[in-house]
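Spelled out from the first residue to the last, the chains are:
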Amino acid sequence: MKTNRRTMMATMLAASFAGAMPLSAFAEKKIVLGFSQIGAESEWRTANTNSIKDSAAKEGIDLKFSDAQQKQENQIKALRSFIAQKVDVIAFAPVVESGWDTVLKEIKAANIPVILTDRAVDSKDTSLYVTFMGSDFTEEGRKAGRWMLEKAKTMKGDINVVELQGTVGSAPAIDRKKGFEEIIKAEPRIKIIRSQTGDFTRAKGKEVMEAFLKAEGKKINVLYAHNDDMAIGAIQAIEEAGLKPGKDITIISVDGVKGAFEAMMAGKLNVTVECNPLLGPQLMSAVKDLMAGKTLPRRIVTNEGIFPMDVAAKEFPSRKY
Ligand code: AHR
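Draft legend 1. Fine view of the nonpolar core. The biggest cluster of nonpolar side chains holds 49 residues, and the ones touching the most others in it are Met148, Met209, Leu223, Ile249 and Ile252. For this core, the element with the highest residue contribution is helix H9 (residues 228-240), accounting for 6 residues. Val32, Leu104, Leu116 and Val121 belong to the second-largest nonpolar core, a separate cluster that totals 26 residues.

The following block contains the structure:
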């Protein structure tokens, strides 16, 4: 029979209370957390990784960290290796929504609790994980859409939008698209004329924007990018095409990383919707609560705002990522 940390801790506590074991022996045992990260595709992801590593160190949690380089198969391998290592808790940011049931069932059979961070899975069986902690991506898309609707009031005629989507099949790409479309349908002049993935990276964002510009040229009025990195890549493409980002093409993006604030201060990006990557402290406190036998809420949502260009300079000094 498998003994997990919770059972072990309960046994040790009982032994300690019975006087057979000093409490100090119990206190020395570190919680072991296996964390499978998506990769290092964006400024956001780097901030997220740093937050998790720093918080684990601060809380004295033994972190087994694995970088999947944006590949689901690498994440599945990492999760299986965490089972083999008998970690106490597994947390991961799933690169895409589908295809996790088999490995999640293996983890459940090994009696290891799972915390989803940042992105959701589409598993029907929600008992396969304890909680999902992170942003409401649909609401982020809606915030971008509401900003677009307001902006539309100052624009004449049809408003042609090109969209740079995140990684295909990922929760933020699906939900940010859905939330944006839900809101902009109130204004029939706003039309998404091209939509393609830029995989959340600067290089791909630039490449796909070049293709959009080649195909549509000056017809493009607005770029909606699912993250700041793709928007920053696209800004380069727009400048190389002899156009002015932020003026000839209005740019809306998501994340709120420092790079986006710099672009806004330079007048090249119009607005960024915040998506907070600093999930480390919340994650470590959830891990400790779990190990102490507490029940976690099924959903832990991050509070976030929206930052238009005109507040960028004032907000920049207090940005943490
Ligand atoms: O899942 C969060 C998204 O992933 C961020 O918006 C993006 O920048 C990152 O790569």
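Draft legend 2. How the structure looks around helix H3 (residues 43-59). Its 17 residues place the ends of H3 24 Å apart at the C-alpha level, agreeing with the 24 Å of an ideal helix rising 1.5 Å per residue. Among all positions of H3, only Trp44, Arg45, Ala47, Asn48, Thr49, Ser51, Ile52, Ser55 and Ala56 are buried. Where H3 is buried, its residues meet strand S1 (32-37), strand S2 (62-67), H9, strand S9 (250-255) and helix H11 (280-291). Directly beyond the C-terminal end of H3, a positive phi value near 70° is found at Gly60.

Draft legend 3. Quick look at the sheet that holds strand S11 (residues 299-301). One open sheet holds the 6 strands; their spatial order is S2-S1-S3-S4-S5-S11, and the pairing between them is parallel. In this open sheet, the two edge strands, each paired with only one partner strand, are S2 and S11. In this sheet, adjacent strand axes meet at a mean angle of 15° when their direction is disregarded. Alignment of strand S4 (residues 114-117) against strand S5 (residues 131-134), held across 3 bridges, turns out to be parallel. Each bridged residue has a counterpart across the sheet, and for Ile115 the counterpart in S5 is Thr131. H3 rests against S1 and S2 of the sheet, and its axis sits at about 160° to S2. Together, S1, strand S3 (89-92), S4, S5 and S11 form the strand contacts of H11, whose direction differs from that of S4 by roughly 165°.

Draft legend 4. Structural detail: the sheet that holds strand S12 (residues 306-308). One open sheet accounts for 6 strands, arranged S7-S6-S8-S9-S10-S12; its pairing is mixed. Edge positions in the sheet fall to strand S7 (190-197) and S12, since each of these pairs with one other strand and no more. Across this sheet, the average inter-strand angle for adjacent strands is 15°, counted without regard to direction. As judged from the 4 bridges shared by strand S6 (residues 159-165) and strand S8 (residues 222-225), these two strands associate in the parallel manner. When the bridges of S8 are listed, Val161 appears paired with Val222. Contacts between helix H6 (residues 137-152) and the sheet are confined to S6, S7, S8, S9, strand S10 (271-274) and S12, with S9 contributing the most and set at about 160° to the helix. Across the sheet, helix H8 (residues 202-216) is in contact with S6, S7 and S8; its angle to S7 comes to roughly 135°.

So, how was this worked out
- Residues numbered from 1 in each chain as written.
- Predicted model: local features only at pLDDT ≥ 70, side-chain atom pairs only at ≥ 80, totals over all residues.
- Heavy atoms only, no water.
- Core = buried A, V, L, I, M, F, W, Y, C linked by side-chain atoms within 4.5 Å.
- Buried < 20%, exposed > 50% of the residue type's maximum accessible area, 1.4 Å probe, protein only.
- Helix = DSSP H or I, 4+ residues; strand = E, 2+ residues; numbered from the N terminus.
- Expected span 1.5 Å × (residues − 1).
- Contact = heavy atoms within 4.5 Å.
- Pairing = 2+ DSSP bridges.
- Axes fitted to C-alpha atoms, helices over the stretch in contact; angles between N-to-C directions.

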